[in-house]
Amino acid sequence: MNSSLAWMIPLIPEELIILCGLLALVIDITIARRKTVPVRAAVAGTMACLGCVAAMGWIACWHDYTASEMLALTPLTQFMKLVLLALTLVVAVLSFGARFSRHLGEYFALLLLAAAGLMLLVSSENLLVIFIALEMLSVPLYVLTAFNKSSLPSAEAALKYFLFGSVAAASTLFGISLLYGLTGTLELGSIADKLATQPVEAVCYLALVMTLAGFAFKVASAPFHFWAPDVYEGAPTPIACFIASASKVAGFFVLARIIVAGFAPLHGSAAWEGFRAGWMPLLAVFAILSMIVGNIAALVQNSVKRLLAYSAIAHGGYALLAFFGNSRQMLPSLFFYVITYALTVLGAFAVVSVVENSGTRDRLSDWAGLGRRAPLLSACMFVFMLSLAGIPPLSGFFGKFYVFTAATAGAPHLAMLWLVIVAIAAGTISLYYYLQVLKQIYAGELSVGATPFRPSLAALVPIALLACLVIGLGCAPGWLLGKLSFVINSNIIKL
Amino acid sequence: MSTLPLLTLLTLVPLLGGVATLLASSRPNLSRRIAFAASLLALAGAALLWAEFDTGSAGWQFVERYAWVASLGIDYHLGIDGLGLLMVLLSALIVPFAMLASWNIGRIPGLYFALILFLEAGLFGTFTALNFFHWFIYWELGLIPAFFLIKMWGGPRRSQAAVQFFIYTLAGSVAMLLAFLAIYAATGLFDFDQLADVARHGGLDNALFATLGGSLFKSKESLAAVVFLGVFLGFAVKAPLMPFHTWLPSAYAEAPTGTSMLLTGAMSKMGVYGFLRILLPLFPGQMRAMQTPLLCLAVVTIVFSAAAALAQRDLKRMAAYSSMNHIGYCLLGIFAAVQLTAPGVAWTTEKAAALNGVMLQMFSHGLTASALFYFVGLIEQRSGGLRGLDDFGGLRKAAPVFCGLLGITLFASLGLPGLSGFVGEFLIFKGSLPLAGWAAAVSTLGLLITAIFMLAILQRVFSGPVQSRWTGWKDLTTGERLTLAPVITLMFLLGICPQILISVSNPAALAILKHF
Amino acid sequence: MLAWTIYISFLGAAAQVLLPAESRRAARFMALFTALAGLVAALVGAAQYERLAPSGAVADLVNISWIADLGIRFHLAADGVSVTLVLLTGIAAVSGVLFSWNIERRAREFFALYLALIGGVYGVFLSFDLFLLFVFYEIAIIPKYFLIAVWGSTRREYAAMKLALYSLAGSAMVLIGLIAAYVVSGSRTFELLELAKYPFPPAFQIWAFLLVFVGFAVLAGLWPFHTWAPTGHVAAPTAASMLLAGVVMKLGAYGALRVAMTLFPYGLRFWQNEIALLAVIGIVYGASVALVQRDLKFVIGYSSVSHMGFVLLGLMTLTQIGLSGAVLQMFSHGIVAGLLFAVVGRMIYDRTHTRQLSELQPMNLSVLAPFVSVVFVLAGVASIGLPGFSGFVAELQVLVGSWSVFPRLTIFAGIGILLGFAYMVRVWMKALFAENEPKSASINKLEPVSIPERAGAFLLLGTAILIGLWPNILLTLIDPALHSPQFQPLWKGGLP
């Protein structure tokens, strides 16, 4: 009994999540079938939240760290799971106000399935498991993107997402198989060892590029970003929240893991006068493209959601700079940046969602005068926008600062400073469009007939909490940094 | 008594009085009285100074000296000698006189009187300061109230007059400021005494060239000349000396009566004072080198202004040109005194005579010119705005006292023996004839022309048939007589006993002569 | 005590938001109270500083570890230069509130943003950790944007965005320089005094100095990066332009002095002549352009560029007297520019609703508004730099210092003073005095000068005259500070 079911014990959080998801589905189809949409949302949503909370509780209390061939339970992965579950929880709470569909049981079930996929994604050191988890994350997301059946953009977005995602997945699979052929193993650590000892052939680089392409897709890094604006705009807003925050965090984590643990010997160099092939120059190219495409496209947007989408692409670019840091600073800076970014963008999309529910359209001009219609909400949006712009004392500033410092210090003689200069310049431009949003909110003229509206407490509380977190982590980032350093350094497997 | 900072207190009285007047400006009568009281207090202070002044000693008296911004060579340094005392006394006398003349000013009297008091503070400060920093502050303090006085209470063409006055004087001041900045950069000093010591044997030229020369100036003479011109310009505009005089006729003519009295009585003396106190000690060499052109300018000033006065039809403009003419005599005396001569008591006596004459003339002219403007103001008042030469006639019959006193003033201005103007002019000519004979000779032309137009005034205004419209011409009221009494008395007193003034001015003249 | 200026301002800003929305009176008085409390804290702190550290040393106020992983500390300290500028900020803050007494629309948000800006400015002047300094420097950008975008006038949104982007671009340059310096020095600490001791390689210093100096100097109005200033000043509401010209531009100059010049002395010597040239171009250009403007506020805006040129010239002289003059000019111009903008914005524009000289002239303001005219004339005289006002001693020191190093440039700077006289007289003539007397007395009477305006005018004029007559009050703070060890490398030329 013990040995045959022992494999289930480390996976209890995932199991809890899946169980609750299925429960939510069942209850919704059976008992709550005839109830009204808000009630169904409440019931299913509560189940989902309970599941998340239970899983988080279990993770927080379970300190038995193990590592097997397929799965790794280390302080780092557990911490990441906590963060991802927290993000999912907020999305679930935000979905309480969902009115875009009647099939809420399916909605929450799929959400939790995707969350399970997230958690699996960050737990594994095995490429195949990673791929499976990736699919487990993506497929529910494709469906969820299409959930708003009354909206044509939603369907279009889902289709694009699906097509792009499939191609990316195929590319990743191809790369993985190449790697297997080259090294004979699917485990990241062993791959690195093999690559270090073998002579490097062109096929290695091919495998590198193909594998990374898939993950670049996941984090919406240019040139694999084309799905992002449409999906962020078309998908139901809570799902956009989820994709922008949790999916991104997991994506970066896995990317970091693969590069650091798997492709370490192939790093190459992107230094100013010493270009050598490897993942460094590749990531440098991705970063520059993302920053430029993201920022310039965002300058001309009229829709808040698309603006946030392009800003997400740009921020992905900034985050990629962390990979150029030295071994001590790369991971803390990357994770700090991505986590605080996820909190911020989650808050921003949450505000968008609330505003949408009040009947305001998504055009920038329709946001005019929001500051007077919903002061607290606007204040939170103020915090989120400025954090995205990188204004101190908010977390976005420190995240960027740490990443830039890490990148500069990563190579001797300031060899990577050129990339940091590009990033800082791009960041400066970005203030323009964030200020455009804030300008509409605070300096815009109220249109005739616009009335104040009061967002529900269920929506307002998480948003306010996120805003406080953003401010708090900006003023006292040491807390999160300390935690990250601790969990990274106490990893029992090489990462 | 002598331990009190008398000079500072003296300057503070009109300053604080002006502030008090401003604060009371919503009640015109009160503010007038406060202002007048302040001016009388200042007069009492000046009289106290006179009483305490020691005519025997040659150096600075009532000296106050405190370190101020030591790192920049700025000290709070006050002191007066005979020249300063005369100027302070003159200012203290003219201000109450001017206030009484403007007693019934129509618009915002509070502000008007306050500005006059600030002007007086500026005058006192200028005449007592011995360090460029606060000397310049007071110099400017004299300028700004005058501008407002002309601009806001003047005649029909006051805007242009005020603007011209302001810009010219300020431009001159800025030139002076830049020159002194150069001097400071060269010597690190702002103190007039110390600078005079440095300049005694050409030291200033050397210092200027050492620090500032080289790249831009080929010879130290040219550099020193440029700096000299800067300072010269400031005073030449103020005095005025031709050709920097163009602001004067309009300003004096358009200003309200009281302001004109102040302008001619006290402010014009600031320019001459500057020549004596600053330009002469600091730049003896340059003045000597440029003596001939300077004398020419002085002569031209004298003759031209007299001729211009003769050609005028407006009484006030005549008075303005006449004022310029008398300042010309002062400058003649100064420029003559810089003549390079062999050392010897005889020459020193001549030079001292010239300088004494200048100081006496400054004092006397202050009194007579302001009285003249007062009379013109009275004429204007009684005639409802007319002041043309040809508008009147036979007033002697209607207002004998008026004409009598006006006649005395005119003769005092002309320089009739027995009245105050004589001794000053006599001494100037006595001194400058041997020193700069040709200039003095040509200048007597000025005397002649002056005599002509003054007699013309007497004839046209006082004699002849009375015009019908002036038959109701009122003679001087009691108030006006009381106003004029002190001034007229002084004109007689100083004419009969000039020793009163000479005892004070002579030591000062000798001290100035020691500089070169 | 000095650190309390920061806390008080931010607390005041937060308190503003909690006030009821409709109560303008509460907002104003709360803001005035906060600003006054800040000024009192500044004065008390200054007195304490003089007692504790009379020789110009740096006095620590707060020094706690903040982000240990990067060696960042929350380090507030002060030396004479900081104290001088903190005093300036205090005075400017109070007078700004007084001149904004008549804000009607969304008063509490206005004052909240205003106080947040003030808090950020105090923070910059008191920070001795580079990261902290940078944080405060950037905090100041956003309130500026909103103050102009919401409450401004001519082309406010464009001006606000231009200002924000220029400021951010400048600080981006500074950020690059700071990160580079941090990394090159071994990444142990962001402490200003520690990093200043580190011998950066000359080749590095050459470009790092230029980057950081220009980054800061953009905000100081260094020509040709000054173009945000005239537009920004004109569009901003009165209090904001008072702060912009009075205090915010000094942030840039201060940053240039405190950070760029002490960290990279070799780079400083390398670029000294070029920057001095740019400074003098700014002096002459600003004054010349001011001479031909038709909008009164533009005249004052360009005159600010011209005066800041003196500050930058003084900094580049690398003489004790030149730098002393530069810091004193920072103080003096802060007061005088604030006063000029107050007169033009609050006293004139709010009453006449026009800033065009051609429209103002017939109004004959010298008669309609005598108090305003007198204040304007006195402010203008102070701006020209006549003795008796604070600008004289400052410009004197800058010119004397600059003559010993750049004689030819100093002549042009002197021309700048003459031009200053010219444009000021022109503006007086055109704005205050009508050509001809108005035909009838039916010109609208202007609303009388309110008590807050008088108080503000007296405060600013009084300070200008006080420092003009007793510059020692500030020179005893500034001169010893410039002698202290952290400025030694400037005199020596800092070859590592």
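Here is what the cut-offs are and how they apply
Residues numbered from 1 in each chain as written. Chains lettered and ligands numbered in written order. Predicted model: local features only at pLDDT ≥ 70, side-chain atom pairs only at ≥ 80, totals over all residues. Helix = DSSP H or I, 4+ residues; strand = E, 2+ residues; numbered from the N terminus. Contact = placed C-beta atoms within 7 Å. Axes fitted to C-alpha atoms, helices over the stretch in contact; angles between N-to-C directions. Parallel < 35°, antiparallel > 145°, perpendicular 65-115°, else oblique. Left-handed = near helix turned anticlockwise from the far one by under 90°. Nonpolar A, V, L, I, M, F, W, Y, C, P; charged D, E, K, R; others polar. Buried ≥ 20, exposed ≤ 12 C-beta atoms within 10 Å, placed from the backbone. Core = buried A, V, L, I, M, F, W, Y, C linked by C-beta atoms within 7 Å.

**Q** For this particular structure, what's the right way to read the environment of B:Ile278?
**A** All names here are of chain B. Among the secondary structure elements, Ile-278 is positioned in helix α11 (residues 257-282). On a C-alpha basis, the gap between Ile-278 and Ala-236 in space is 13 Å, while along the polypeptide they are 42 residues apart. Other than its neighbours up to four places away in sequence, Ile-278 contacts Phe-192 and Val-231.

**Q** What's the story with the packing of helix α17 (residues 400-414) of chain B against helix α20 (residues 478-496) of chain B in this structure? I'm lost.
**A** When two helices pack together, their arrangement is given by the angle between the helix axes and by the axis-to-axis distance. Residue and element names in this part refer to chain B. Contact geometry for α17 and α20: axes closest at 11 Å, N-to-C directions at 40 degrees. Viewed along their axes, α17 and α20 adopt a mutual orientation that is oblique. Judged by the twist between their axes, the crossing of α17 over α20 is left-handed. In contact with Leu-405, Ile-408 and Ala-412 of α17, α20 contributes Leu-484, Ile-488 and Met-491.

**Q** Just checking my understanding: could you explain the interface of chain C and chain A for this structure?
**A** Buried accessible area, meaning the area lost when the parts come together, often serves as the stated size of an interface. Counting residues at the interface gives 28 residues for chain C, matched by 25 residues for chain A. For the side of chain C that touches chain A, the elements supplying multiple residues, two or more each, are β1 (59-67), α5 (130-139), α6 (141-151) and α7 (156-184) of chain C. Here the element with the most residues in the side of chain C that touches chain A is α7(C); it accounts for 14 residues. Looking at side-chain class alone, the side of chain C that touches chain A contains 24 nonpolar, one polar and three charged residues.

**Q** Sorry if this is basic, but what is going on with the environment of C:Glu50 here?
**A** Residue and element names in this part refer to chain C. On the secondary structure map, Glu-50 appears in helix α2 (residues 24-52). What makes Glu-50 partly exposed here is the crowd of 15 C-beta atoms within 10 Å. Spatially, the C-alpha atom of Glu-50 lies 19 Å from that of Phe-487, the residues being 437 residues apart in sequence.

**Q** In this structure, what is going on with the nonpolar core? I would like to understand it.
**A** Inside soluble globular proteins, nonpolar side chains tend to come together where they are buried. A:Leu321 and C:Leu312 are the most contacted members of the largest nonpolar core, which has 634 residues in total. When residues of this core are assigned to their parent elements, the largest contribution, 20 residues, is made by helix α14 (residues 330-357) of chain A. Look past the residues within four positions of A:Leu321 in its chain and what remains in contact with it is A:Ala287, A:Val403, A:Phe404, A:Ala407, A:Leu419, A:Val420 and A:Ala423.

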